[in-house]
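# Remarks on the overall topology
What follows is the residue order along each chain.
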Amino acid sequence: EAFNNVQFARERNILFVPGYHDNRIAVFDLRSGSVGSRSSYGRGPSKILTSPDGRWLAVVNVLSKNVVVLSLPEALLAREISLPELDFTVDSTPVFSPDSRTLFIPSLATGELLAYDLDNARIRRRVRVGERPVMVVSSPDRTSIASVDVGSNDVSVVALSPHEVYIPHLVQSPNEF
């Protein structure tokens, strides 16, 4: 089995591990020592993450090109996000907003971050970033998110709330690794 990501549940001692080839999420309860599994509701689960409030587990299914959101602690299907423009790599990583109500999903095909509203089950906004965004991360203070845009070899920073940001201009040639 191929694994490339693990995630703890926020409030409980439960570890989730996506199984890329068997299309399941392994569930390890570290307190009781029990092991179980849940469906990934797609093919090729790769990256998973829990929401800041601990209510959700997002699963990126690379082969079926969808993202599912499971309700915790049961890890049962709450939302399935399947859009024609979604395309992923095994490194594609979304991120939750600080209030856990929005999931920011990188769209390789369109060069956008899709702001998916979990309460209303719809895309609230599309934010244009660089070419082929793969990974999205949140700043420690949760006021900004950044995407790694592999097609244009840059990083895009998006403010989630109004605040000042200073970013020096960095230039790197492809040979400077």
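This is a predicted model, so every value here is computed, not measured. (Residues numbered from 1 in each chain as written. Predicted model: local features only at pLDDT ≥ 70, side-chain atom pairs only at ≥ 80, totals over all residues. Heavy atoms only, no water.)

## Here we look at the pattern of salt bridges
Charged atoms that come close allow side chains of opposite charge to pair. Note the threshold: Salt bridges are defined as contacts in which a side-chain nitrogen from Lys or Arg sits within 4 Å of a carboxyl oxygen from Asp or Glu. Secondary structure follows DSSP: runs of H or I at least 4 residues long count as helices, runs of E at least 2 residues long count as strands, and numbering of each begins at the N terminus. In this scheme, a residue with accessible area under 20% of its type's maximum is buried, one over 50% is exposed, and one in between is partly exposed, where area comes from a 1.4 Å probe on protein chains only.
Counted according to the given criterion, the structure contains 5 salt bridges. Residues E85 and R126 are paired through a salt bridge, measuring 2.5 Å at the closest nitrogen-oxygen approach. With E85 in the loop between β8 (76–82) and β9 (95–96) and R126 in strand β12 (residues 122–128), this residue pair connects regions lying 41 residues apart in the sequence. Residue R101 pairs with D119 through a salt bridge whose shortest N-O separation is 2.6 Å. Taken together, the residues R101 in the loop between β9 and β10 (102–107) and D119 in the loop between β11 (112–117) and β12 connect sequence positions 18 residues apart. The exposure class of R101 is partly exposed, given its relative accessible area of 45%.

## As for the environment of S37
The cut-off we apply is this: A contact between two residues is defined here by any heavy atoms of the two lying within 4.5 Å. We define a polar contact as two N or O atoms separated by no more than 3.5 Å, with the added condition that, inside protein, one atom must be a possible hydrogen donor and the other a possible acceptor, whereas residues neighbouring each other in sequence contribute only through side-chain atom pairs.
Within the secondary structure, S37 is located in strand β4 (residues 35–39). With 38 residues separating them along the chain, S37 and A75 place their C-alpha atoms 9.3 Å apart. When sequence neighbours within four positions are dropped, the list of residues in contact with S37 reads R24, I25, A26 and V27. For S37, the side chain forms a polar contact with the side chain of R24, separated by 3.0 Å.

## As for the nonpolar core
Let me state the cut-off plainly: Only buried Ala, Val, Leu, Ile, Met, Phe, Trp, Tyr and Cys residues count toward a nonpolar core, and they belong to the same one when joined by side-chain atoms within 4.5 Å.
If you look at the biggest cluster of nonpolar residues, it comprises 17 residues, and the most contacted ones within it are V67, I81, F88, F96, L103 and I105. Counting residues in each nonpolar core, the second largest holds 12 residues, with F16, V27, L57 and L70 among its members.

## Side note on the pairing of strand β6 (residues 56–61)
Each regular strand shows side chains that alternate between the opposite faces of the sheet. The test is simple: Paired strands, as defined in this entry, are two strands with at least two bridges between them according to DSSP.
For β6, the buried fraction is high: 6 of the 6 residues fall into the buried class. Of the two faces of β6, both are covered, the one formed by W56, A58 and V60 as well as the one formed by L57, V59 and N61. In this structure, strand β5 (residues 45–50) lies alongside β6, joined through 4 bridges in antiparallel fashion. Counted as the bridge partner of L49 is A58 from β6. The hairpin formed by β5 and β6 contains 5 residues between the paired strands, and G54 there has a positive phi angle of roughly 80°. In this structure, β6 lies alongside strand β7 (residues 66–71), joined through 6 bridges in antiparallel fashion. Note that in β7 the partner of V60 across the bridge is V67. Connecting β6 to the next strand, β7, in antiparallel fashion are 4 residues, including K65 with a positive phi near 55°.

Geometry only, nothing functional implied.
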